[in-house]
Amino acid sequence: SQQGEEDPQALSIQEGENATMNCSYKTSINNLQWYRQNSGRGLVHLILIRSNEREKHSGRLRVTLDTSKKSSSLLITASRAADTASYFCATDYQGAQKLVFGQGTRLTINP
Amino acid sequence: KAGVTQTPRYLIKTRGQQVTLSCSPISGHRSVSWYQQTPGQGLQFLFEYFSETQRNKGNFPGRFSGRQFSNSRSEMNVSTLELGDSALYLCASSLNLVASDTQYFGPGTRLTVL
């Protein structure tokens, strides 16, 4: 089964609203990454957060990590139509030596 | 700096055939990983190459193989194609071994098996 599970599977909001996506994982990790994928194309790296970090920001993106709950969240503030995409979390869990991706959250921003 | 490139972008094959996909990483990147993406299984790790050596392999049958050349370019091969091999195949490169580093993805090769 997937190491990371995103929630919700799909999210539809109005332009200008904030979007929050969650990722839960099962075993201890070294780091967690978030990626974006526009329809049928390659993934674009958004943020990497290490296990000893609790929060990171990049522009309109904020990522939090709670290792005690084995969960992470991605917040996109002031959403734009161009943010419409699928968002994936990927975990580097200890001993795996590879990234394991969740199933993703499909985000739709309505104008 | 040029991004990760993959060729071909689209491919149509029939069952039983074999296929070779190519990936050119970002200049200076030594690690190349391959992923298969399907609607049902999501993104699945195939294998990773670092300095021409396979460092890690996902849970795929032996029909899936790959290699990396001295210039870090990588190829993956799928023999005896099955309908279930239809997928988007993504290549990603990174400076170091995949688990600890940011991955830079190519646009993918869309393989359709008829």
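Everything numeric in this text was worked out from a predicted model, so none of it was measured.

## Quick notes on the packing of aromatic side chains
Argument step 1. Following the criterion strictly, the structure yields eight aromatic pairs over all chains and no others.
Argument step 2. The interplanar angle of 80 degrees and the centroid separation of 6.1 Å between the aromatic rings of Phe 101 of chain A and Phe 105 of chain B together place this pair among those described as edge-to-face. With Phe 101 of chain A in strand E10 (residues 100–101) and Phe 105 of chain B in strand E10 (residues 104–105), this residue pair bridges two chains. In this structure, Phe 101 of chain A and Phe 105 of chain B share a single accessibility class: buried.

## Topic: the interface of chain B and chain A
Argument step 1. Every contact between the two is made by 22 residues of chain B and, on the other side, 20 residues of chain A.
Argument step 2. Summed over both sides, the interface of chain B with chain A buries roughly 1,600 Å², with 50% coming from carbon and sulfur.
Argument step 3. Across the chain B-chain A interface, the total number found is zero salt bridges.
Argument step 4. Remark: the boundary between chain B and chain A carries three residue pairs in polar contact (both at pLDDT 80 or more).
Argument step 5. At the level of secondary structure, the elements contributing two or more residues to the side of chain B that touches chain A comprise strand E4 (31–38), strand E5 (42–50) and strand E9 (87–94) of chain B.
Argument step 6. Ranked by residues supplied to the side of chain B that touches chain A, first place goes to E5 of chain B with five residues.
Argument step 7. Of the residues assigned to the side of chain B that touches chain A, the class counts are nine nonpolar, 10 polar and three charged.

## Examining the sheet that holds strand E3 (residues 19–24) of chain A
Residue and element names in this part refer to chain A.
Argument step 1. As summarised here, the arrangement of the five strands in space is E1-E3-E8-E7-E6, forming an open sheet in which the pairing is antiparallel. Here the strands that pair on one side only, and so sit at the sheet edges, are strand E1 (5–7) and strand E6 (55–58). Sheet twist, expressed as the average angle between the axes of neighbouring strands with direction ignored, equals 15 degrees.
Argument step 2. For E6 and strand E7 (residues 61–66), the ladder comprises four bridges, and the chain directions are antiparallel. Looking at the pairing, His 57 lines up with Arg 62 of E7.

Rules behind the numbers
- Residues numbered from 1 in each chain as written.
- Chains lettered and ligands numbered in written order.
- Predicted model: local features only at pLDDT ≥ 70, side-chain atom pairs only at ≥ 80, totals over all residues.
- Heavy atoms only, no water.
- Phe/Tyr/Trp six-rings, centres within 6.5 Å; stacked < 30°, edge-to-face > 60°.
- Helix = DSSP H or I, 4+ residues; strand = E, 2+ residues; numbered from the N terminus.
- Buried < 20%, exposed > 50% of the residue type's maximum accessible area, 1.4 Å probe, protein only.
- Contact = heavy atoms within 4.5 Å.
- Buried area = accessible area lost by both parts, 1.4 Å probe.
- Salt bridge = Lys/Arg side-chain N within 4 Å of Asp/Glu carboxyl O.
- Polar contact = N/O pair within 3.5 Å; in protein donor to acceptor, adjacent residues only side chain to side chain.
- Nonpolar A, V, L, I, M, F, W, Y, C, P; charged D, E, K, R; others polar.
- Pairing = 2+ DSSP bridges.
- Axes fitted to C-alpha atoms, helices over the stretch in contact; angles between N-to-C directions.

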